[in-house]
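Structural characterization, general
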Number of protein chains: 2
Amino acid sequence: MSFDLPTLDDVRDAAARIAPHARVTPVLRSDALDALAGAELFFKAEHLQRGGAFKFRGACNAVQALDAQQAARGVVTHSSGNHGLALALAAALRGIPAHIVVPEGAVRTKLEAIVQAGAVLHRCAPTQAAREATAAAIAAQTGATLVHPYADPRVIAGQGTLALELLAQTRGLDALLVPVGGGGLAAGVAIAAHGLEPRLELFAAEPAGADDAARSLACGRRVEDVVPDTRCDGLRALIGRPNLAALRAHRVRVITVEDAASDAAQRLIARHLKQVVELSSATVLAALLAARDTFAGRRIGVVLSGGNVDLPA
Amino acid sequence: MSFDLPTLDDVRDAAARIAPHARVTPVLRSDALDALAGAELFFKAEHLQRGGAFKFRGACNAVQALDAQQAARGVVTHSSGNHGLALALAAALRGIPAHIVVPEGAVRTKLEAIVQAGAVLHRCAPTQAAREATAAAIAAQTGATLVHPYADPRVIAGQGTLALELLAQTRGLDALLVPVGGGGLAAGVAIAAHGLEPRLELFAAEPAGADDAARSLACGRRVEDVVPDTRCDGLRALIGRPNLAALRAHRVRVITVEDAASDAAQRLIARHLKQVVELSSATVLAALLAARDTFAGRRIGVVLSGGNVDLPA
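The model shown is predicted, which means the values in this text are computed figures rather than measured ones. (Residues numbered from 1 in each chain as written. Chains lettered and ligands numbered in written order. Predicted model: local features only at pLDDT ≥ 70, side-chain atom pairs only at ≥ 80, totals over all residues. Heavy atoms only, no water.)

1. Concerning the sheet that holds strand β3 (residues 75-78) of chain A
Residue and element names in this part refer to chain A. The 4 strands are arranged β5-β4-β3-β6 in an open sheet whose pairing can be described as parallel. Of all strands in the sheet, those with a lone pairing partner are β5 (120-124) and β6 (145-146), marking the two edges. Sheet analysis places β3 next to strand β4 (residues 98-103), joined by 4 bridges and oriented parallel. Considered in β4, the bridge of T77 is made with I100. The sheet contacts of helix α5 (residues 82-94) involve β3 and β4, and relative to β3 the element is tilted by about 170 degrees. (Pairing = 2+ DSSP bridges. Helix = DSSP H or I, 4+ residues; strand = E, 2+ residues; numbered from the N terminus. Contact = heavy atoms within 4.5 Å. Axes fitted to C-alpha atoms, helices over the stretch in contact; angles between N-to-C directions.)

Have a look at this one:
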């Protein structure tokens, strides 16, 4: 499977395609967090996107871009949760079938929401190989179109739409910071943001226990021998090939953070920003606090990527 | 002490006065909560206002309206927390002293924030009489202007500004729903909303354990023998005289809710709206779910009033 990278125009097309379905999420501020970080922070609240994560943008773009014949056969993907839920919602909106392959160990809230959206759930072992093999088998059986969670150019273009929004909502940003797992968000944001404002500095936060993006950028080739060891369930995927190429082309700097730092950041986000976000999303604040000097005195756009945590009912 | 009620023009003046300082808070949506309530809900996120509550609007309006001589002597108030914090922040912004009388039993997070804002904290017994006597004594000693938490017309006008914003942000609303304690929010919203759209229906959610507003409206005179028994710490105050008059004039209907229902609503708000709100704020969703038939199929503007809860550090 080979993928190309989308362009700024593809991102703009995606924005038009998803506009009737996706939410324009707000940008949130906190005086207390600004003081802690020593910077002006503009939090793009994608955990308030439909499905509780930015993933709806990419999934919706991919589904809406299908022609009628493709659409009728449905879509399939593998996902630890948020992309699966997003694709289930996007498929339901278009009235087509969705097959979601979910590895064991995914978050209960996400699984329930996928089923509630009307998708067919397929479980598999929690390895990249098992995920891909199961999804490929379903695609072969049903004729459904595979919508890869982060390497698909329609998905990357969709994720990039949030950068268009953020730059329109908040003027004069110096840098953007997003979490990185498979790299769909990081790649889409990099392409869109640099397309509009080439002088923006770009950063990504990555769990230290799944630091393949940081290592891949450092050694100049895609590191594949990382066995993810992090509680950030949304960031366990290895970075995709096109995603890594985009990160390199756009000079995205990766900051790795320990889960304990993300735990503390998650509590700060609840306390000061009043937001319930996933541990994966809290990595960005952990990175801001870990690399305080890098960001000091500047205006930083920060993406809160998702809010699907298991809470007591 | 006698107070008049502000007019729509007073609310508009307040909006202009606080615009450089207050945040335009977002309106949040949740498909899941819409489905539960059987209505379209538009949550005005005042827990994301400066100081973590709508109270900043009224306090800021009162402080900015002082002339230079009054301002120099500072301000004083009594408050279970959010108004005190709001007044402390508003005074700090203008560089004037603030004295905050806080009853025993107030939320720790709020006390810490008041001190951090540079105000002088005065503790008193948790009764209305002790609060008012302590504040009056400080006003006499220092010459500070008393900014009553809910009966002051400048405060009511300030709270009303959120209704101007909400009606500009969300077209075609059928009804508004706010929590009611002392009634500053309810009165301000009623005056502003009916000033712009007389056909809007107005509702207020009140804890069953502090149902003086409901009883006062029912029996036609201000009921004063209610001893608050609710964990909604922001809604323990008796409704003010001018506030009650405004509720009556604008035919605000009060829905009472048990704390247990607000507990459940608070969890639903965390799960589906991803927001950390006070129990006092969750009363509105509890009311929506308790009086489902009243709201069914309609577009309801709902005010999330505050988010200052004690969370693990």
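There's plenty left to go through after this.
2. Quick notes on the relation of the copies chain A and chain B
Mapping chain A onto chain B calls for a screw motion: a turn of 180 degrees about the axis and a shift of 0.0 Å along it, with 0.0 Å RMSD after fitting. When the rotation and shift are considered jointly, the pair of chain copies conforms to a two-fold rotation axis. Among all C-alpha atoms of chain A, that of Q275(A) lies closest to the rotation axis, at 2.4 Å. Interface overlap between copies: 100% of the residues of chain A at the interface are likewise at the interface in chain B, consistent with a symmetric, same-surface contact. (Least-squares fit on C-alpha atoms with pLDDT ≥ 70 in both.)

3. Things to note about the pairing of strand β5 (residues 120-124) of chain B
All names here are of chain B. Inspection of the sheet shows strand β4 (residues 98-103) paired to β5 by 5 bridges, in the parallel sense. The residue bridging P103 from the neighbouring strand is C124, located in β5. In the classification by handedness, the crossover that spans β4, the intervening helix α6 (residues 108-116) and the parallel β5 is right-handed. (Right-handed = clockwise from strand over helix to strand, strands pointing away.)

4. Points about helix α12 (residues 259-273) of chain B
All names here are of chain B. With 15 residues, α12 should reach 21 Å at 1.5 Å per residue; the first-to-last C-alpha distance of 20 Å fits that figure. Three or more residues of α12 are buried, namely D259, S262, D263, A265, I269, A270 and L273. Taken end-on, α12 shows its buried residues confined to a sector of 170 degrees, consistent with a single buried face. Phi turns positive, to about 65 degrees, at K274, one or two residues after α12. (Expected span 1.5 Å × (residues − 1). Buried < 20%, exposed > 50% of the residue type's maximum accessible area, 1.4 Å probe, protein only. Arc of directions from axis to C-beta.)

5. Concerning the packing of aromatic side chains
Residue and element names in this part refer to chain A. Counting across every chain of the model gives 2 aromatic pairs over all chains. Measuring from centroid to centroid gives 4.8 Å for F203 and F295, while their planes differ by 65 degrees, and the two rings are edge-to-face. Taken together, the positions of F203 in strand β8 (residues 201-207) and F295 in helix α14 (residues 292-295) put the pair 92 residues apart, joining distant regions of the chain. A residue is classified by how much of its surface remains accessible, and F203, at 3% relative accessible area, is buried. (Phe/Tyr/Trp six-rings, centres within 6.5 Å; stacked < 30°, edge-to-face > 60°.)

6. Some details on the interface of chain A and chain B
Listed by partner, the interface residues are 24 residues for chain A and 24 residues for chain B. Here chain A meets chain B over a buried area of about 1,900 Å², counting both sides, of which 50% is carbon and sulfur. Per-residue buried area on chain A facing chain B is highest for R23(A), R271(A) and K274(A); these three make up 33% of the total on that side. Counting across the interface, chain A meets chain B through 6 salt bridges. Measuring nitrogen to oxygen at the nearest pair gives 3.0 Å for the salt bridge that ties R271(A) to E112(B). At the junction of chain A with chain B, the criterion picks out 13 residue pairs in polar contact (both at pLDDT 80 or more). The set of elements that each furnish at least two residues to the side of chain A that touches chain B consists of α6 (108-116) and α12 (259-272) of chain A. If you tally residues by element for the side of chain A that touches chain B, the top one is α12(A), at 3 residues. Considering only residue class, the side of chain A that touches chain B consists of 9 nonpolar, 7 polar and 8 charged. (Buried area = accessible area lost by both parts, 1.4 Å probe. Salt bridge = Lys/Arg side-chain N within 4 Å of Asp/Glu carboxyl O. Polar contact = N/O pair within 3.5 Å; in protein donor to acceptor, adjacent residues only side chain to side chain. Nonpolar A, V, L, I, M, F, W, Y, C, P; charged D, E, K, R; others polar.)

7. Thoughts on unusual backbone geometry
We note that R251(A) has phi near 50 degrees; this positive angle belongs to a residue other than glycine. Take R251(A): its relative accessible area is 57%, and that puts it in the exposed class.

8. Points about the pattern of salt bridges
Inspection of every chain in the model, using the stated rule, returns 44 salt bridges over all chains. The partner of R23(A) in a salt bridge is D31(B), and the shortest N-O contact between them spans 3.4 Å. With R23(A) in the loop between α1 (8-18) and β1 (27-28) and D31(B) in helix α2 (residues 31-37), the pair connects residues from two separate chains. Looking at R23(A), the relative accessible area reads 18%, which means it is buried. Looking at D31(B), the relative accessible area reads 41%, which means it is partly exposed. Across the pair R253(A) and E201(A) runs a salt bridge, and its minimum N-O distance is 2.2 Å. Taken together, the residues R253(A) in strand β9 (residues 253-257) and E201(A) in strand β8 connect sequence positions 52 residues apart. Its relative accessible area of 26% is what places E201(A) among the partly exposed residues.

9. Some thoughts on the environment of A246(A)
All names here are of chain A. Residue placement: A246 occurs in helix α11 (residues 241-249). For the pair A246 and I18, spaced 228 residues apart in sequence, the C-alpha separation works out to 23 Å. The residues contacting A246, other than those within four sequence positions of it, are L5 and A187.

10. Some remarks on the sheet that holds strand β3 (residues 75-78) of chain B
All names here are of chain B. Spatially, 4 strands are ordered β5-β4-β3-β6 in an open sheet, and the strand pairing comes out parallel. Edge positions in the sheet fall to β5 and β6 (145-146), since each of these pairs with one other strand and no more. Where helix α5 (residues 82-94) meets the sheet, it contacts β3 and β4, and its direction lies at approximately 170 degrees from that of β3.

11. A few points about α12(A)
Residue and element names in this part refer to chain A. Look at α12: 20 Å from first C-alpha to last across 14 residues, which is about the 20 Å you get at 1.5 Å a residue. Those residues of α12 that fall on the buried side of the exposure criterion are D259, S262, D263, A265, I269 and A270. Looking at the packing, one finds that the buried side of α12 touches β8, β9, α13 (279-290) and β10 (299-304).

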